Amino acid sequence: MPAASLLPLFGSAAGPGALGGPAGGGAGGGGRKAAGPGAFRLTEKFVLLLVFSAFITLCFGAIFFLPDSSKLLSGVFFHSAALQPPPPPPGFQPRAPPQPGAGPAMPEEAGGAGSLERIRADHERALREAKETLQKLPEEIRRDIRQDKEKLLQDARGRKEAAAAGLPQRPFQQPVGAVGREPADPAVRQRRDKIKEMMKYAWDNYKRYAWGLNELKPISKQGHSSNLFGNIQGATIVDALDTLYIMEMKEEFKEAKEWVEKNLDFNVNAEISVFEVNIRFVGGLLSAYYLSGEEIFRKKAVELGEKLLPAFNTPTGIPWALLNIKSGIGRNWPWASGGSSILAEFGTLHLEFVHLSHLSGNPVFAEKVMNIRKVLSRLDKPEGLYPNYLNPSSGQWGQHHVSIGGLGDSFYEYLLKAWLMSDKTDEEGKKMYYDAVQAIETHLIRKSSSGLTYIAEWKGGLLEHKMGHLTCFAGGMFALGADGAPSDKTGHHIELGAEIARTCHESYDRTSMKLGPEAFRFDGGVEAIATRQNEKYYILRPEVIETYMYMWRLTHDPKYRQWAWEAVEALEKHCRVDGGYSGLRDVYSNHESHDDVQQSFFLSETLKYLYLLFSDDDLLPFEHWVFNTEAHPFPILRKEDGSKEEKEK
């Protein structure tokens, strides 16, 4: 179609002679000079550009948006027989056309009319996209093209790296809820923005004073290293990756990813804590991969997982606590009962190692943690309880000390979450969890004289009426597991979670600084108060806020948001210092004494749980995600995903 014949459709203001010829100075032209055939005005050029763009889009849309377009293209360009419909089965009768007034036809019944509707809708969408593109500024279009190119290059580089590392090709599909919407309530949104500002403050100071090191000393304004990680560096960077992502701190996430790509090195001659490196480094890399799809995180996670495998080289397969990742030589903590491994350490590998097998295609990771289950299932449990110490050589319990806090805590958490993460197919994990909860209720859970519910510790049959800050995670665990409990116990588990949350809130409220001590007691006439000096410190721990988050998500009782905000105000008042956030030596003192450490888990857990508390439930929804014990989110492994992988094999 000639360009001139298209213009009347848009009603040119120049009149019929605007394109040249004798009518150029016609009536109403105001003496305007006639244009020559090749001299369109700027507005006419824009109209022509718009028309041609729409026309080209329409043409291409007719090809690419038709149903079964791949088959159409195959037939057109390769003379494939794909366009030939299969012969109808014997006895096939064509469906009668829909009768007037019978309502809209379903897609399979609509026949040609339905196809035309889809084509029309696709064409309209293509025209809208073309119009939107034309409305963009040139620099915006260039930026979009540049970003698309970068993404293609990253994907290609990632596939190349994965192949070089021996990893299977894996198309990335971001799970539901990796990014949520803004809260509708302005007050809630303002509080969430404040928490994001806290994250930025913690991150910026780490970057300024300790970049590339494990943690920050915010008062000394220098790096802090713990022997838990050996010579592996960058704990704060890896631990914070997913928090940066869900808070949409895109520049910070990008610089963290670049550091991981260039500097994260596991080829070190050093002894590390298998537990800590697993939950922080392996967990942080796995969640960063699942959120972003960046192959470097999958590659690094699997590489590190392989380096941890020698820890399982014991007579029973119960792993050592400590491992030299160069020599592969392991040992246990010298203070642990008779050279025992610790329940919370060897019992907190399951989620990460199952996902390592899922992403690497190597079943060895999952086999290692399933063997731990076999060893535990053969052992007698005193009163149905799991002692904190197990000898990896003899396969027998050490000292009969049972705790739902330090040394035991996350073992129970991972039993429940293994079942949830398996899309509720791990029946063994489920049974172990609910049997353990029954024993905990019977032997460890008590009420104080004023009605506060707490979880005591069990030492050789005697109760120590002490509850640690670490134990406060259990409120959230009980509530999260309520849905899978026997029907007559569901409400009870929610109530139990609420009671633990209340007790832990009291432990905060009864201090001068409104932040909780490391442990608190229920004896000698005191309740929910630390009585020993070495239990009065606070190191930016997340467990109380973690329980608030679960209780908020599962009940939407506003008191949990209020209690969380009280903790935010206390953190800002007492822990925020010039160079970041610091723990406190004594939460009962009227004068702050800082410990000068900004823990990596403050960014990974404490601030993430606070952010989720003031977000809508569509951000990392529990129906699709499970958090490891360092608050790193892993997607639930759906049953259909497993069957699909089996077919591909």
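Analysis parameters
Residues numbered from 1 in each chain as written. Predicted model: local features only at pLDDT ≥ 70, side-chain atom pairs only at ≥ 80, totals over all residues. Heavy atoms only, no water. Helix = DSSP H or I, 4+ residues; strand = E, 2+ residues; numbered from the N terminus. Salt bridge = Lys/Arg side-chain N within 4 Å of Asp/Glu carboxyl O. Buried < 20%, exposed > 50% of the residue type's maximum accessible area, 1.4 Å probe, protein only. Expected span 1.5 Å × (residues − 1). Contact = heavy atoms within 4.5 Å. Pairing = 2+ DSSP bridges. Axes fitted to C-alpha atoms, helices over the stretch in contact; angles between N-to-C directions. UniProt positions renumbered as here; feature names shortened; annotations may be inferred. Parallel < 35°, antiparallel > 145°, perpendicular 65-115°, else oblique. Nonpolar A, V, L, I, M, F, W, Y, C, P; charged D, E, K, R; others polar.

Visitor: Would you mind going over unusual backbone geometry in detail, with residue names and values included?
Guide: Positioned with a positive phi, Asp423 is a non-glycine residue whose angle comes to about 65°. With respect to the secondary-structure elements, Asp423 resides in the loop between helix 14 (409-421) and helix 15 (427-443). Within the chain, Lys424 stands out as a residue other than glycine whose phi angle is a positive 60°. Locating Lys424 in the fold gives a position in the loop between helix 14 and helix 15.

Visitor: How would you explain the pattern of salt bridges if you had to name every residue and give the values?
Guide: Taken as a whole, this structure holds 36 salt bridges when the rule is applied. Of the charged contacts in the structure, one is a salt bridge between Lys194 and Glu197, with a shortest N-O distance of 2.9 Å. One end of the pair, Lys194, and the other, Glu197, are both in helix 6 (residues 186-210), three residues apart, so they sit about a helical turn from each other. With relative accessibility at 26%, the residue Lys194 sits in the partly exposed group. Three or more residues are tied together by salt bridges with common partners; here these are Lys194, Glu197, Glu572 and Arg576.

Visitor: Talk me through helix 13 (residues 364-378); I want residue IDs and the actual numbers.
Guide: Between its terminal C-alpha atoms helix 13 stretches 22 Å, which fits the 21 Å expected from 15 residues at 1.5 Å a residue. Turning to helix 13, its buried residues are Phe365, Ala366, Val369, Ile372, Arg373, Val375 and Leu376. On the buried face of helix 13, the contacting elements are helix 10 (295-308), helix 11 (343-346), helix 12 (350-360), strand 7 (389-390), helix 14 and helix 15.

Visitor: Give me the lowdown on the sheet that holds strand 3 (residues 271-273), citing residues and values where you can.
Guide: The three strands lie next to each other as 3-4-5, forming an open sheet whose pairing is antiparallel. This sheet does not close on itself; its edge strands, each paired only once, are strand 3 and strand 5 (330-331). Two strands pair when backbone bridges link them, and strand 4 (residues 322-324) and strand 5 are joined in this way by two bridges, in the antiparallel orientation. Of the residues in strand 5, the one forming a bridge with Leu322 is Arg331. Here helix 9 (residues 274-292) sits on the sheet in contact with strand 3 and strand 4, set at roughly 65° to strand 3.

Visitor: Could you give an account of the UniProt feature "active site" (unreviewed entry) in the chain, with specific residues and numbers?
Guide: Feature annotation in UniProt assigns "active site" (unreviewed entry) to the following positions: Glu276, Asp409, Glu518 and Glu543. Under the relative-accessibility criterion, Glu276 is labelled buried at 14%. Filtering out sequence-adjacent residues up to four positions away, Glu276 remains in contact with Leu228, Phe229 and Phe281. Along the chain, Glu543 falls in helix 18 (residues 543-555).

Visitor: Please provide a residue-by-residue account of the packing of helix 6 against helix 20 (residues 600-613), values included.
Guide: Relative to each other, helix 6 and helix 20 sit at 170°, their axes nearing to 9 Å. Regarding the angle of helix 6 to helix 20, the classification is roughly antiparallel. Mapping the contact onto sequence places Arg192, Ile195, Lys196, Met198, Met199, Ala202 and Trp203 in helix 6 and Phe602, Leu603, Leu607, Leu610 and Tyr611 in helix 20. Of the residues in the contact of helix 6 with helix 20, the class split is ten nonpolar, no polar and two charged.

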